[in-house]
Amino acid sequence: MRYTGIIENYKDRLPVSESTRIISLGEGNTPLIRLDNIPREIEKAVDIYIKYEGLNPTGSFKDRGMTMAVTKAVESGSKAIICASTGNTSAAAAAYAARAGIKAFVLIPEGKIALGKLAQAMIHGAVIIQIKGNFDDGMRLVKEVAEHAPVSIVNSINPYRLQGQKTAAFEIIEQLGFAPDYHCLPVGNAGNISAHWMGYTEYKDYGKVNNTPRMVGYQAAGAAPFIKGSMVDKPDTIATAIRIGHPQSWDLAWNAQKESDGWFDSCTDDEILEAQKLLTEKEGIFCEPASATSIAGAVRDIKNGKIPEGSKVVCTLTGHGLKDPDTAISQCSSDMININPIMEEVRDAIINNM
Ligand code: F0G
């Protein structure tokens, strides 16, 4: 049967009815890839699985939430949606609004969103409002303006977003045949870790599994309110997707951490970029910097024994590497060889670099 997206696939567990017009781009059903080389490299007997959410239609996990949020906005008669975004939410909002035939307004922090995400919002025809401020300013403005203009908010404060995103946990359980011991995610606005916890507990209550994973959230060191224990006013990190100091799902995420007996920790920008390279070079998997935070943290906690040998670990790779070509290229530009168009020079380039 042709796969037609998360709402069709999980309609028994989502707030839709038979008459709901589903706005979908075939999101979800992403691969769960077992890492071969990294566990060997770090000499630890752990099973690490990557939930490759960068393979969703717009290249990030946001599509799971956006199909629900836009479907419900359209169902309620809304003609326009709005969000603040570090990039991926705006890309997803723009695409699903185009599919639905409604308008998308996106507020983005000027100069702080990756090129691929900006291209997506532009080409899908969203109205792009750049603000001289960060994501948290954008979020505040979106909440204020929604009281004064006919727009539906599609940030993760919209409960339908988390409903859609919880399906990633359902898929993981179905793909593994059990729930993992640990689930590691990058944390920014904190919606996704909360949605996953919702999905895992729902499947346990439903009797599909009898355990739930410990939820582990990793933040960028310069944008780490969960590690500080309070909001951060001037967040900064190369991982622009998670450059957030005032997470909206603060209480939900703390609840996920406490109920699951998990933890929060932070990774430096250097650790994040190192993990991004490790994945690309050792496993052939390309994710954006924010996504690599889950690998950076998980590998560190596996090495130091906090995640013990014998564990089954899932790391979510939230967004595709092509979202942020600038950061990728700037990490690797010295690796390029420039030659004249002569066979001997190509041959030498090969021989010298075997
Ligand atoms: N990874 C990526 C690639 C993201 O785009 C985001 C959030 C996160 C992780 C963090 O997820 O917010 O649920 O904790 N991006 C939002 C956006 C904020 O606007 O695209 P979270």
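Okay, so let's go over this structure. (Residues numbered from 1 in each chain as written. Predicted model: local features only at pLDDT ≥ 70, side-chain atom pairs only at ≥ 80, totals over all residues. Heavy atoms only, no water.)

### Here we look at the packing of helix 9 (residues 191–205) against helix 11 (residues 250–260)
Taken N-terminus to C-terminus, the directions of helix 9 and helix 11 make an angle of 45°; their axes are 8 Å apart at the nearest point. Our classification of the angle between helix 9 and helix 11 gives oblique. In terms of crossing hand, the pair formed by helix 9 and helix 11 is left-handed. In contact with I193, S194 and W197 of helix 9, helix 11 contributes L252, A253, A256, E259 and S260. (Axes fitted to C-alpha atoms, helices over the stretch in contact; angles between N-to-C directions. Helix = DSSP H or I, 4+ residues; strand = E, 2+ residues; numbered from the N terminus. Parallel < 35°, antiparallel > 145°, perpendicular 65-115°, else oblique. Left-handed = near helix turned anticlockwise from the far one by under 90°. Contact = heavy atoms within 4.5 Å.)

### What to know about the sheet that holds strand 5 (residues 127–131)
Read across the open sheet, the 4 strands follow the order 5-4-3-6; overall the sheet is parallel. The sheet is open, and its two borders are formed by strand 5 and strand 6 (152–153), each paired with just one other strand. Bridging between strand 3 (residues 80–84) and strand 4 (residues 103–109) involves 5 bridges; their strand directions are parallel. By the bridge assignment for strand 4, C83 is matched with V106. Sitting on the sheet, helix 6 (residues 135–145) is in contact with strand 3, strand 4, strand 5 and strand 6, with an inclination near 150° to strand 3. (Pairing = 2+ DSSP bridges.)

### So, the site of the ligand
In the vicinity of the ligand there are 21 residues, among which S85, N189, A190, N192 and T318 approach most closely. One nitrogen or oxygen atom from the main chain of G188 is found 2.8 Å from an oxygen atom belonging to the ligand. Between the ligand and N189, the relevant distance is 2.7 Å, taken from an oxygen atom to a main-chain nitrogen or oxygen of the residue. Against a free-state accessible area of 470 Å², the protein chains account for coverage of 98% of the ligand. (Near = heavy atom within 4 Å. Polar contact = N/O pair within 3.5 Å; in protein donor to acceptor, adjacent residues only side chain to side chain. Areas by Shrake-Rupley, 256 points an atom, 1.4 Å probe, with all protein chains shown as cover.)

### Points about the state of the cysteines
Within this structure, the stated rule accounts for 0 disulfides. Note on C315: no disulfide assigned, nearest cysteine sulfur contributed by C184 at a separation of 4.5 Å. (Disulfide = S-S within 2.5 Å.)

### Some remarks on the pairing of strand 10 (residues 312–317)
Counting buried positions over the 6 residues of strand 10 gives 5, a clear majority of the element. Note: strand 2 (residues 47–52) against strand 10, 6 bridges, orientation parallel. Looking across to strand 10, one finds that I48 is bridged to V313. Two strands pair when backbone bridges link them, and strand 7 (residues 182–186) and strand 10 are joined in this way by 3 bridges, in the parallel orientation. Looking at the pairing, C184 lines up with C315 of strand 10. (Buried < 20%, exposed > 50% of the residue type's maximum accessible area, 1.4 Å probe, protein only.)

### Here's the deal with the pairing of strand 9 (residues 263–267)
Burial analysis of strand 9 places 4 of its 5 residues in the buried class, which makes it a mostly covered element. Pairing of strand 8 (residues 214–220) with strand 9 involves 5 bridges; the strand directions are parallel. In the strand pairing of strand 9, Y218 is matched with D265.

### A look at the sheet that holds strand 10
Spatial strand order, 1-2-10-7-8-9: 6 strands in an open sheet with mixed pairing. Bordering the open sheet on either side are strand 1 (32–34) and strand 9, each of which pairs with just one other strand. Direction aside, neighbouring strands of the sheet carry axes that sit 25° apart on average. Here helix 13 (residues 289–303) sits on the sheet and contacts strand 2, strand 7, strand 8, strand 9 and strand 10; the angle it forms with strand 10, its principal contact strand, is near 160°.

### A few points about the pattern of salt bridges
One pass over the full model with this rule turns up 20 salt bridges. Put simply, E202 and R13 hold a salt bridge, and the shortest N to O gap is 3.2 Å. Taken together, the residues E202 in helix 9 and R13 in the loop between helix 1 (6–9) and strand 1 connect sequence positions 189 residues apart. For the pair E202 and R13, a shared accessibility class is recorded, and that class is buried. With a closest N to O distance of 2.7 Å, E171 and K51 form a salt bridge. Of the two residues, E171 sits in helix 8 (residues 167–176) while K51 sits in strand 2, which places them 120 residues apart along the sequence. (Salt bridge = Lys/Arg side-chain N within 4 Å of Asp/Glu carboxyl O.)

### So, helix 13
Compared with an ideal rise of 1.5 Å per residue, which puts 15 residues at 21 Å, helix 13 spans 21 Å between its outermost C-alpha atoms and is within 8% of the ideal. Of all 15 residues in helix 13, 13 are buried; the element is thus mostly enclosed. In the stretch just after helix 13, G305 is the one whose phi turns positive, near 85°. (Expected span 1.5 Å × (residues − 1).)

### Focus on the packing of aromatic side chains
Per the stated rule, a full pass over the model turns up 9 aromatic pairs. Arranged with centres 4.6 Å apart and planes meeting at 25°, the rings of F226 and W250 form a pair that is stacked. Of this pair, F226 sits in helix 10 (residues 225–228) while W250 sits in helix 11; the two residues are 24 residues apart in sequence, bridging distant segments of the chain. Comparing F226 with W250, the two get one shared label, buried. (Phe/Tyr/Trp six-rings, centres within 6.5 Å; stacked < 30°, edge-to-face > 60°.)

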